[in-house]
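Okay, here's what each chain looks like letter by letter:
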Amino acid sequence: MAANTSRFPLAVNDVEQQATVLELEPTKDQDFDYSKRAQWLRAAVLGANDGLVSTASLMMGVGAVKQDIKVMILTGFAGLVAGACSMAIGEFVSVHSQLDIELAQMKRDKQRGCNNNEGKQENGGHEEEEEKESLPNPLQAAAASAIAFSVGAMVPLLAASFIRNYKVRLGAVVGSVSLALLVFGWLGAVLGKAPAVRSSARVLVGGLMAMAITFGLTKLIGSSDL
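Residues numbered from 1 in each chain as written. Predicted model: local features only at pLDDT ≥ 70, side-chain atom pairs only at ≥ 80, totals over all residues. Heavy atoms only, no water.

As for the packing of helix α7 (residues 166-191) against helix α8 (residues 196-223)
- Two elements in contact, α7 and α8, have axes whose closest approach is 7 Å; the angle formed by their N-to-C orientations is 150 degrees. Taken together, the axes of α7 and α8 are roughly antiparallel relative to one another. For the pair α7 and α8, the sense of crossing is right-handed. The residues of α8 that touch α7, namely those facing Y166, L170, V174, V177, S178, L181, L182, G185, W186 and A189, are A196, S199, S200, V203, L204, G207, L208, M211 and F215. (Axes fitted to C-alpha atoms, helices over the stretch in contact; angles between N-to-C directions. Helix = DSSP H or I, 4+ residues; strand = E, 2+ residues; numbered from the N terminus. Parallel < 35°, antiparallel > 145°, perpendicular 65-115°, else oblique. Left-handed = near helix turned anticlockwise from the far one by under 90°. Contact = heavy atoms within 4.5 Å.)

Encoded structure:
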């Protein structure tokens, strides 16, 4: 009898352990830190939006005074190449500066912690590895910015490449860029768990304002006697 009754506590313990594991598994997903995506997400979304808005604004500005499709496409292509290089270099320098600052701070913290108990070394080493993994990656940020800028800049270029009519071409650029701005704004909000409607509307309004201002000022200056 004693042998049989001793089995029941083990079975109960097994059930309790399984229930504990099942309870902990969804918690890991719920507690996912979306701020870890912030670095590359910021670079990618910023690059895509810049590619869309700056390239489309350049093409609209040139289109305000030149109806030639070749001039418009060449201007957009030059904007794509220059913008992608500028975004990559700027992001690399910026993130590398941030990385240097954080590494210097980690080094100072490590020097201060040398006087602590040696029994905490194992836990401290694990925390140090986690900190290094969370550090920003300059190459990753630069590549994300350049690729995203190029993808965004291709939208107005493709929209205008096969349309000969001047007014239809301008309308195609504005329509395609507006749709792409909504998509990129929504995608960035979803990946970052932010309000999608507000983010998409903010990106769309800003992009349309940039194109309208560039078009209007270029048209004004081009028609004046300078």
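From this point, things continue past the structure.
Regarding the UniProt feature "transmembrane region" (unreviewed entry) in the protein
- Mapped onto the present numbering, the UniProt feature "transmembrane region" (unreviewed entry) falls on residues 69-89, 141-163, 170-191 and 203-222.
- Taken end to end, residues 170-191 is 100% helix and 0% strand, and its two terminal C-alpha atoms sit 32 Å from one another.
- For residues 203-222, the end-to-end C-alpha separation is 28 Å, with 100% helix and 0% strand making up the annotated structure. (UniProt positions renumbered as here; feature names shortened; annotations may be inferred.)

Let's talk about the confidence of the model for the protein
- Scored by pLDDT, the protein has a mean of 77; 70% of the residues are at 70 or more.
- Segment residues 17-34 is flagged for pLDDT under 50; beyond a separation of four residues in sequence, or across chains, it makes three contacts in the model. (pLDDT = per-residue confidence, 0-100.)

With respect to a nonpolar patch on the surface
- The grouping of V205, M209, I213, L217, L220 and I221 at the surface amounts to a nonpolar patch, some 590 Å² of accessible area in total.
- Structurally, the position occupied by L220 is in helix α8.
- Judged by its relative accessible area of 55%, L220 falls in the exposed class. (Patch = residues over 30% accessible without salt bridge, like charges linked within 9 Å, V, L, I, M, F, W, Y side chains within 5 Å. Areas by Shrake-Rupley, 256 points an atom, 1.4 Å probe, with all protein chains shown as cover. Salt bridge = Lys/Arg side-chain N within 4 Å of Asp/Glu carboxyl O. Buried < 20%, exposed > 50% of the residue type's maximum accessible area, 1.4 Å probe, protein only.)

A few points about the side chain of S199
- Here S199 is to be found in helix α8.
- Residue class for S199 comes out buried when judged on its relative accessible area of 12%.
- Beyond its immediate chain neighbours, meaning those up to four positions away, S199 contacts G185 and A189.

Let's talk about the environment of S150
- Tracing the backbone shows S150 in helix α6 (residues 138-161).
- With 71 residues separating them in the primary sequence, S150 and G79 have C-alpha atoms 9.7 Å apart.
- Excluding its chain neighbours within four sequence positions, the residues that come into contact with S150 are L80 and A84.
- Only 2.9 Å separates the side chain of S150 from the backbone oxygen of A146, close enough to count as a polar contact. (Polar contact = N/O pair within 3.5 Å; in protein donor to acceptor, adjacent residues only side chain to side chain.)

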